[in-house]
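Spelled out, the chains give:
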Amino acid sequence: MRTLYLTNEHVQQMIAHVDSQLPLEACGLLAGRGSSVESVLVVTNQAQSPVRYVMDPIEQLHAFEWIESQGLDLLGIFHSHPMGPEMVSPTDIAEAAYDVVYVIVFRTDGKWRTRGFWIEDGSYEEVALQISQTSNQA
Ligand SMILES: [Zn+2]
């Protein structure tokens, strides 16, 4: 996948969640169809750490079940880097377990921004995040 399509509303949902969890890292899932995100699901960071995230396994399981029940696919996993870097970390690359877009929500100059990455076999490439202003009705 070279481009992931989201709406501004999805981005705002991710930012609202990661901002509310400061100074800790925060995480969640992006579900949708094809390469278009339709839902943002927040998941508790069980690690409760400013530099690491571990998705709460029960919440993650329930989120996966909900995604399947809606006929959607897991398209992405997002998490914040409150203190950087602006890209996937060596830990993110080492621990990547899904063929999905890894979205990093990072802060520069007090503003949250997003970048997407595809991680495979210990390396990564950037995935364009195409953010539209209109909501994306299924
Ligand atoms: Zn990370």
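Our subject is the structure that appears above.
Quick look at the structure, then. (Residues numbered from 1 in each chain as written. Predicted model: local features only at pLDDT ≥ 70, side-chain atom pairs only at ≥ 80, totals over all residues.)

Quick look at the environment of Leu24
Take Leu24: it is sitting in the loop between α1 (8-20) and β2 (27-33). Residues Leu24 and Pro82 lie 58 residues apart in sequence; the distance between their C-alpha atoms is 7.4 Å. Look past the residues within four positions of Leu24 in its chain and what remains in contact with it is Asn45, Gln48, Ser49 and Pro50. (Helix = DSSP H or I, 4+ residues; strand = E, 2+ residues; numbered from the N terminus. Contact = placed C-beta atoms within 7 Å.)

Some words on the pairing of strand β4 (residues 73-81)
The element β4 is extensively covered by neighbouring structure, given that 7 of its 9 residues are classed as buried. Pairing geometry for β2 and β4, over 6 bridges, is antiparallel. Residue pairing for β4: Gly32 is matched across the bridge by Asp73. Regarding topology, helix α3 (residues 90-95) serves as the crossover connection from β4 to the parallel strand β5 (residues 101-108), and that connection is right-handed. (Buried ≥ 20, exposed ≤ 12 C-beta atoms within 10 Å, placed from the backbone. Pairing = 2+ DSSP bridges. Right-handed = clockwise from strand over helix to strand, strands pointing away.)

Notes on the environment of Gln46
Take Gln46: it is sitting in the loop between β3 (36-43) and α2 (57-69). Taking C-alpha positions, Gln46 is 10.0 Å from Glu25, a pair spaced 21 residues apart along the chain.

Let's talk about the pairing of β3
Strand direction decides the pairing type here: β2 and β3, joined by 7 bridges, are antiparallel. Counted as the bridge partner of Leu30 is Val40 from β3. Hairpin connection from β2 to β3: 2 residues lie between these consecutive antiparallel strands, with Gly34 at a positive phi of about 60°.

With respect to α2
With 13 residues, α2 should reach 18 Å at 1.5 Å per residue; the first-to-last C-alpha distance of 18 Å fits that figure. Just beyond α2, the residue with positive phi is Gly71, at close to 75°. (Expected span 1.5 Å × (residues − 1).)

A word on the nonpolar core
If you look at the biggest cluster of nonpolar residues, it comprises 28 residues, and the most contacted ones within it are Leu30, Leu75, Phe78, Val101, Tyr102 and Val103. Of all the elements in the fold, those that place two or more residues in this core are β1 (3-7), α1, β2, β3, α2, β4 and β5. Residue contributions to this core peak at 5 residues, all from β5. (Core = buried A, V, L, I, M, F, W, Y, C linked by C-beta atoms within 7 Å.)

A look at unusual backbone geometry
Between Leu22 and the following residue, Pro23, the backbone shows a cis peptide bond with an omega angle of 5°. Considering the arrangement of structural elements, one finds Pro23 in the loop between α1 and β2. Of the consecutive residues Gly84 and Pro85, the connecting peptide bond is found in the cis state with omega at 0°. With respect to the element layout, Pro85 can be found in the loop between β4 and α3. For Gln48, which is not glycine, the phi dihedral falls at a positive 45°. You can see Gln48 is positioned in the loop between β3 and α2. With 12 C-beta atoms packed within 10 Å, Gln48 lands in the exposed category. The phi angle at Asp121 is positive, at roughly 50°, despite the residue not being glycine. Position of Asp121 among the secondary structure elements: in the loop between β6 (111-120) and β7 (123-132). Using a count of 7 C-beta atoms within 10 Å as the deciding quantity, one classes Asp121 as exposed.

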